[in-house]
Amino acid sequence: INGIAFATAGDLLVVWGQDSCVSVWAVGGGPGAATALNQAPRQVALFAADAAITCCAFLAPPTTSSADGSSGDEGAGGGQMLVAGDAGGAVHFLDFPRKLLMGAAR
């Protein structure tokens, strides 16, 4: 394992390493969520690159504005974006739609 990181909402955990894989886990939780202590994390995504993953970071969701001036904090897709860099110099952008995350976190 080269590193781990939580999404800003605290509901996703990413693990990456020398095996060239990025593994994303739904860990429940997040603000206001009631999570049973015996609830196991669920893997929601696995990505394999051509070289060892050296760094990963979740991007903060963009805010959107409506015509009436109100804004939201869920971004266009309402999901999470993860950026991963590998030892070969490639940068990977991984987008996790809200539907995928909600279905996997049950």
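With that out of the way, let us pick up the sheet that holds strand 8 (residues 80–86). Taken in spatial order, the 3 strands of this open sheet run 5-8-9, and their pairing is antiparallel. The sheet is open, and its two borders are formed by strand 5 (53–59) and strand 9 (91–96), each paired with just one other strand. This sheet shows a mean twist of 20 degrees between the axes of neighbouring strands, independent of strand direction. Both strand 8 and strand 9 contribute to a ladder of 6 bridges, which runs antiparallel. Looking across to strand 9, one finds that Met-81 is bridged to Asp-95.

Another aspect to go through is unusual backbone geometry. The phi angle at Ser-20 is positive, at roughly 70 degrees, despite the residue not being glycine. Looking at where Ser-20 falls in the secondary structure, it is placed in the loop between strand 2 (12–16) and strand 3 (21–26). Looking at Ser-20, the relative accessible area reads 13%, which means it is buried.

Turning to the nonpolar core, a few remarks are in order. Nonpolar side chains in soluble globular proteins tend to end up buried together. Val-14, Val-22, Val-24, Cys-56 and Leu-82 are the most contacted members of the largest nonpolar core, which totals 18 residues. The set of elements that each furnish at least two residues to this core consists of strand 2, strand 3, strand 4 (42–48), strand 5, strand 8 and strand 9. In this view, Val-24 contacts Leu-12, Leu-13, Val-14, Arg-42, Gln-43, Val-44, Ala-45, Leu-82 and Phe-96; residues no more than four positions away in its chain are not counted.

Further remarks concern the side chain of Asp-86. By secondary structure assignment, the location of Asp-86 is in strand 8. Under the relative-accessibility criterion, Asp-86 is labelled buried at 8%. A polar atom in the side chain of Asp-86 sits 2.9 Å from the backbone nitrogen of Gly-88. Engagement of the side chain of Asp-86 in a polar contact is seen with the side chain of His-92, the distance being 2.9 Å.

Let us now look at the sheet that holds strand 4. Across the sheet, which stays open at both edges, the 4 strands sit in the order 1-2-3-4 with antiparallel pairing between neighbours. The open sheet has two edge strands, strand 1 (3–6) and strand 4, and neither has a second partner. Each neighbouring strand pair of the sheet contributes to a mean axis angle of 15 degrees, computed without reference to strand direction.

Burial of strand 9 is one-sided: the residues His-92, Leu-94 and Phe-96 facing one way are buried, the residues Val-91, Phe-93 and Asp-95 facing the other way are not. Here strand 8 hands over to strand 9 after 4 residues, with Gly-89 in that stretch at a positive phi of 95 degrees.

With respect to the secondary-structure elements, Leu-82 resides in strand 8. In the structure, Leu-82 is positioned 24 residues away from Phe-58 in sequence and 4.4 Å away in space, judged by C-alpha atoms. Leu-82 has contacts with Val-14, Val-22, Val-24, Cys-56, Ala-57, Phe-58, His-92, Phe-93, Leu-94 and Phe-96, leaving out every residue within four places of it along the chain.

Thresholds applied
Numbering of residues begins from 1 in every chain and follows the order in which that chain's sequence is written. Under the rules for a predicted model, residues below a pLDDT of 70 receive no local features and side-chain atom pairs below 80 are neither given nor counted, while totals for whole chains, interfaces and linings still include all residues. To get the side-chain values, all heavy atoms of the structure are used, and hydrogens and water are removed first. Only strands joined by at least two bridges in the DSSP assignment are considered to pair. We count a stretch as a helix when DSSP gives it H or I for four or more residues in a row; a strand needs E for two or more, and each element gets its number in order from the N terminus. Orientation is described by axes fitted as lines to C-alpha atoms, over the contacting stretch for helices, and by angles from 0 to 180 degrees between their N-to-C directions. Each residue is placed in one exposure class: buried if its accessible area under a 1.4 Å probe, protein chains only, is under 20% of its type's maximum, exposed if it is over 50%, and partly exposed if it falls in between. Nine residue types can take part in a nonpolar core, namely buried Ala, Val, Leu, Ile, Met, Phe, Trp, Tyr and Cys, and a core is a set of them joined through side-chain atoms within 4.5 Å. Whether two residues are in contact is decided by their heavy atoms, any of which lying within 4.5 Å being enough. Definition of a polar contact: a pair of N or O atoms within 3.5 Å, with one able to donate and the other able to accept a hydrogen when the atoms are protein atoms, and with sequence-neighbouring residues admitted only if both atoms are side-chain atoms.

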